[in-house]
Structure formats: structure tokens, C-alpha cells
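Each chain, letter by letter, is given below.
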Amino acid sequence: MTEPTTNRVEMEKIVSLSRRRGFIFPSSEIYGGLSSCWDYGPLGVELKRNVKQAWWQAVVQQRGDIVGLDASILMNPKVWEASGHLEGFSDPLVECLNCQRRWRDDQLEGDKCPSCGGQLTGSRQFNLMFKTFMGPVEDEAGVVYLRPETAQGMFVNFQNVLDTTRKKLPFGIAQIGKAFRNEITTGNFIFRSREFEIMEVEFFVKPGTDEKWLDYWLEERLNWHMGLGIKRENLRLREHGKEELAHYARRCFDIDFLFPMGWSELEGIANRGDFDLIQHAKYSGKDLTYFDEEAKEHITPYVIEPALGVDRAVLAFLCDAYHEEPDKDETRVVLRLHPDLAPFKATVLPLSRREPLLKAAKDICSDLRRCWMVGYDDAQSIGRRYRRQDEIGTPFCITFDFQSLDDNQITIRERDSMNQIRVPIAELQQTLTAKLSGEDFFVLPEGGQVWKMEKEA
Ligand code: GAP
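This structure is a prediction, so every number in the text was calculated from the model and none was measured. (Residues numbered from 1 in each chain as written. Predicted model: local features only at pLDDT ≥ 70, side-chain atom pairs only at ≥ 80, totals over all residues. Heavy atoms only, no water.)

Engineer: Looking at this structure, I do not really get the sheet that holds strand β4 (residues 90–95). What am I missing?
Structural biologist: Consider a sheet: its strands pair through backbone hydrogen bonds, and that pairing is either parallel or antiparallel. Strand order across the open sheet formed by 3 strands is β5-β4-β6, with antiparallel pairing between neighbours. The sheet is open, and its two edges are formed by β5 (102–104) and β6 (124–127), each paired on a single side. On average, adjacent strands in this sheet sit at an angle of 50 degrees to one another, irrespective of strand direction. Note: β4 against β6, 4 bridges, orientation antiparallel. From the neighbouring strand, Leu 93 faces β6, where its bridge partner is Arg 124. (Pairing = 2+ DSSP bridges. Helix = DSSP H or I, 4+ residues; strand = E, 2+ residues; numbered from the N terminus. Axes fitted to C-alpha atoms, helices over the stretch in contact; angles between N-to-C directions.)

Quick look at the structure:
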């Protein structure tokens, strides 16, 4: 978190764009908000769904060796005893004797309060799990916890999944879901919040092959981020030192991203060894071994775990995609989001609000909506409408003009280059399919032509 901050978007710009365009709002804003909780607005919810879909596709749908799971958030409290979270999932907490603000001791640079310079108390361990009660009586017997990670749902279902799928090692279980941590220090927008979503794979392997699989997952996960457009120079791998390792980890790497506040963890990839299965076998009394047909013996698999926060990924994609460019006397703000992630894949714009342009444009829009999230905008000048779509990352704008009435062609404008082509309406769906999957913009369908509109503004 300490390296210089050059060529990076400021967090305020991302927060402001998110608020202004309806990506992310403060939670319960009309009541003054709730510290470090956030609501995803109409565009944010699409972006977030697309991030989760891209991850699910890569780790479940496009592979044969990982299956999905959706475990409940509330679990038997014994789970957290066995996993070590009750004992060890804590951060060192200090409090200012002057202003009473609380800080994480391991994140402080000096021994004074960063806010008022006051003296700090000694450090004590603060458990990060949220507690609540199950049933009508609020006593110790009813205590349950909001899960701080989804991983344990996968470990406690290890035998269920094995029995029902008959998977052979190596195989994995994947899950996306909410997690809750009563973080001492939050901030940096959605980077660290108390309620967030997490996407985790528990990949079970034969002991002895774990280091090889750890390398495999490091590469796989880096490629996933880059495949969705994150620039290589904004990513780095960092191995945890011994003193930093979580209680369950043998080795762990962070994929760091160059966030506005500096290099910070985006995703963690850990070798958890056999810690979790051994612990749950011990606390539950159940057999959580795997029968190795080759060696004819029962073994406890090791686990490689890539774990990525959905909200942190959304923030990284927004920061990486944000660009400002000179545009006549103004500045063009463009979100260069990968088409798979963009909230709208295209937006249809009638050049004028006059009929029959409106009806024709709306008909095209309805047709396209059968395949994709497609926007429609007929307010203000065409130039302003293009800028609005640039700012929310829409890869293509489709303009229906007066000439379209005669020649049955529409203009497609590409977000990043602002280049335009003109294609027959009958070819639109096919053309859009090809362009969204990365085909060169100037490959034209039959009857298509490179086009230049008179003016955008
Ligand atoms: N099961 C392993 C695990 O939970 P972690 O490193 O504590 O590992 C995994 O969390 C990922 O979850 C992090 O890399 C980060 O992307 C995200 N994450 C963790 N705490 C978060 C928080 N308070 N707010 C948002 N995202 C968080």
C-alpha cells in the first residue's frame, strides 16, 4: 500500500461516477447511510452479475472437474470451532484514549492515534465474526454466526458432494455468496466492507501434488483477470511471509491490484493443506477421507483455494476501465469495460424523437433484448447520448436515422475508438454477436460499409 500513485484514477472519481450513474449507492442513504455497507444500483447490479457469471463460467461451466454449491449462511456453530475461526479469526485492536477511535494495530505506522495524535490502549484480539441468535431466546445456546467466508460450507459438504457426483481427485467445489466480517477499519469505498460477496473454489488434490496445483491456480487466476481486460502492469503476485499466513494456510499468495490507494490484495490463493478436512473429521466424528483407487488407501486430500471478493473485483474492473480523454473543449469519460462485463452490451438511439424513427428504434431494441441487456435512449443530442453510454461502458451504440427508413441500415458506433460502420438491419444481430466476441470492428457483413457520421456533439 506504499508505492507512489502515478497514472491512476482517483477513488473520488470512481465513487462519484458510481453514485451519479447508478452503479453503487451508500446503504440506507436517506437515513445517513450505514458505515461500510453499500447498495448496488441498476447498473451496478448488472456489472456485479456479469462478474459473477464470468467467474462461474470459467471455474464451473467450462470445466468438468469443478461442481457448484450454495450452502446456507448460518451454520452449526461447531463449524467455526473446528475451522479455528472462533479462536483465531481476529485482528489486533487498539483504541485512542482521547477520541475513542479504534484502529488495527498491525496497520498503524506509529504508536499514536492517526486521527488526533492521542495515546493508544494496549492491543487486544478482536474476533471479526458477527454473532446473532437463532430462535426466540437470546442466550448462549442460541448463538450462531454470520459466515466470514463461504469455504466452510464446501468442506462440511465434502462427503455429500463426493457421494453424489462420484468425482475423482483432483476435483473442486465452487461457491459464490455473502460473507460478513466486523472489520475494525473499513473504507476505500467497496474495497473493504462489513458485508460483501465472495467467490471461492476449494480444489481437492492428492497430497504431494499440491505445490504443482498451487502454481496452476496462480496462473489460471491471473489469466482470468487479464482475459477480462485488467492490464498486466496493474497486477502483481505477492507471497505471504510466515508471520502473515492465516492459521489454516501452508502457503498463500495475493494477486494484488494497483488500486487508487496503492497496491492492495484483490484475490488470495492459498494452499490450505488438509487442515480443514482433518479438523471437521475430528469435531464431527465423521469420515472425511477419500479412497485412492491406485494406492488402495484412504487419504485426506489437500486443498488449493482461490478466493476473490466480488466487490473488490468490481472495484478493480471499474478502476482499470476508467479513462478520461480530451474531447473538443471537454473531457470524454470512457469506461473501457470488457463486453462480457458491461451492464449494457448495446444501446439503441433514434437520431430524432420524430416518428416513424421512434417506433423503428424501439422495435430494434425489443428484438435485441431477446439476446442481451440492451439500453434505449432518445433524450438530448446524439453526441450527449454517446457520451452517456461511454461513461457507463456500453461497447456499442446503434443509431437509427432518417436514411435508415430508406436503406434499412443502421449505424454501429464503437465505444473505444468511436469508429462507425453501417450495416443492414437484417444483419444486426449476427454482427453484434461477432463484435461482442471480439471480431475486428471493420469486418463487415454483406452490404455493410465503413461510415462516418457528420458530427457527434
Ligand atoms: N476463504 C479464504 C478467505 O476468505 P480472504 O483472503 O480472507 O480469504 C478472500 O478473503 C477475498 O475476499 C479477498 O482477497 C478479498 O478479495 C475479499 N475480501 C476479504 N475481506 C473483505 C472485505 N472486508 N470486504 C470486501 N472484500 C473482502
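Engineer: What is the right way to look at the pattern of salt bridges in this model?
Structural biologist: Once their charged atoms are close, side chains differing in charge can pair, the charge on each being opposite to the other. Tallied over the entire structure, the rule returns 41 salt bridges. Residue Arg 238 is joined to Glu 244 by a salt bridge in which the shortest nitrogen-to-oxygen separation is 2.7 Å. A salt bridge links Arg 387 to Asp 390, with the shortest nitrogen-to-oxygen separation between them at 3.9 Å. Linking Arg 387 with Asp 390, this pair stays in helix α11 (residues 382–392), spanning 3 residues, or about one helical turn. Across the pair, exposure class does not vary: Arg 387 and Asp 390 are buried alike. Where salt bridges share partners, they join Glu 325, Asp 327, Arg 332, Arg 336, Arg 387, Asp 390, Arg 413, Arg 415 and Asp 416 into one cluster. (Salt bridge = Lys/Arg side-chain N within 4 Å of Asp/Glu carboxyl O. Buried < 20%, exposed > 50% of the residue type's maximum accessible area, 1.4 Å probe, protein only.)

Engineer: Which parts of the structure should I look at to understand the site of the ligand?
Structural biologist: Around the ligand, the structure places 21 residues, and the nearest of them are Glu 149, Glu 183, Glu 200, Glu 265 and Leu 266. Contacts to the ligand include Phe 191, whose backbone N or O atom sits 3.5 Å from a nitrogen atom. Within the side chain of Glu 265, an N or O atom sits 2.5 Å from an oxygen atom of the ligand. The fraction of the free accessible surface of the ligand (560 Å²) that becomes covered by protein chains is 91%. Sorting the residues of the shell around the ligand by element identifies β10 (195–205), β13 (262–273) and β16 (302–309) as the ones contributing at least two each. Top element by residues in the shell around the ligand is β13. It accounts for 5 residues. When its residues are assigned to classes, the shell around the ligand shows 8 nonpolar, 3 polar and 10 charged. (Near = heavy atom within 4 Å. Polar contact = N/O pair within 3.5 Å; in protein donor to acceptor, adjacent residues only side chain to side chain. Areas by Shrake-Rupley, 256 points an atom, 1.4 Å probe, with all protein chains shown as cover. Nonpolar A, V, L, I, M, F, W, Y, C, P; charged D, E, K, R; others polar.)

Engineer: Just checking my understanding: could you explain the packing of aromatic side chains for this structure?
Structural biologist: A ring pair, where both rings are aromatic, is described by two values, the distance of the centres and the angle of the planes. Per the stated rule, a full pass over the model turns up 15 aromatic pairs. Note on Phe 203 and Trp 213: the rings are 5.0 Å apart at their centroids and 50 degrees apart in plane angle, and the pair reads as tilted. One end of the pair, Phe 203, is in strand β10; the other, Trp 213, is in helix α7 (residues 210–227), and 10 residues separate them in sequence. By the burial criterion, Phe 203 is buried, and Trp 213 matches it. Seen from their ring centres, Trp 224 and Phe 317 are 6.1 Å apart, and the 70 degrees between their planes marks the pair as edge-to-face. Taken together, the positions of Trp 224 in helix α7 and Phe 317 in helix α9 (residues 310–321) put the pair 93 residues apart, joining distant regions of the chain. We classify Trp 224 as buried; its relative accessible area is 8%. Given the relative accessible area of 4%, Phe 317 is considered buried. A network of ring pairs unites the aromatic residues Phe 155, Phe 158, Phe 171 and Phe 204 as a single cluster. Over the ring of Tyr 248 we find Arg 272, and its NZ or CZ is 3.5 Å from the ring centre. Against the face of Phe 191 rests Arg 312, its NZ or CZ located 3.7 Å from the ring centre. (Phe/Tyr/Trp six-rings, centres within 6.5 Å; stacked < 30°, edge-to-face > 60°. Lys NZ or Arg CZ within 6 Å of the ring centre and 35° of its normal.)

Engineer: Just to check I follow, could you spell out the nonpolar core for this structure?
Structural biologist: A general trend in soluble globular proteins is that nonpolar side chains are found buried together. Counting 60 residues, the largest nonpolar core has Val 51, Trp 55, Leu 315 and Phe 317 as the members making the most contacts within it. Tallying contributions element by element places α9 first for this core, with 9 residues. Contact partners of Leu 315, with chain neighbours within four places excluded, come to Met 11, Ile 14, Asn 188, Phe 189, Ile 190, Phe 191 and Phe 259. (Core = buried A, V, L, I, M, F, W, Y, C linked by side-chain atoms within 4.5 Å. Contact = heavy atoms within 4.5 Å.)

Engineer: Mind showing me how you'd approach the sheet that holds strand β19 (residues 346–350) here?
Structural biologist: The strand order across the open sheet built from 6 strands is β20-β19-β21-β22-β23-β24, with neighbouring strands paired in mixed fashion. Bordering the open sheet on either side are β20 (374–376) and β24 (449–451), each of which pairs with just one other strand. Going from strand to strand, the sheet's axes swing by 30 degrees on average, the running direction of each strand aside. Relative to the sheet, helix α10 (residues 357–369) contacts β19, β20, β21 (396–400) and β22 (409–414), its axis offset from that of β20 by approximately 165 degrees.

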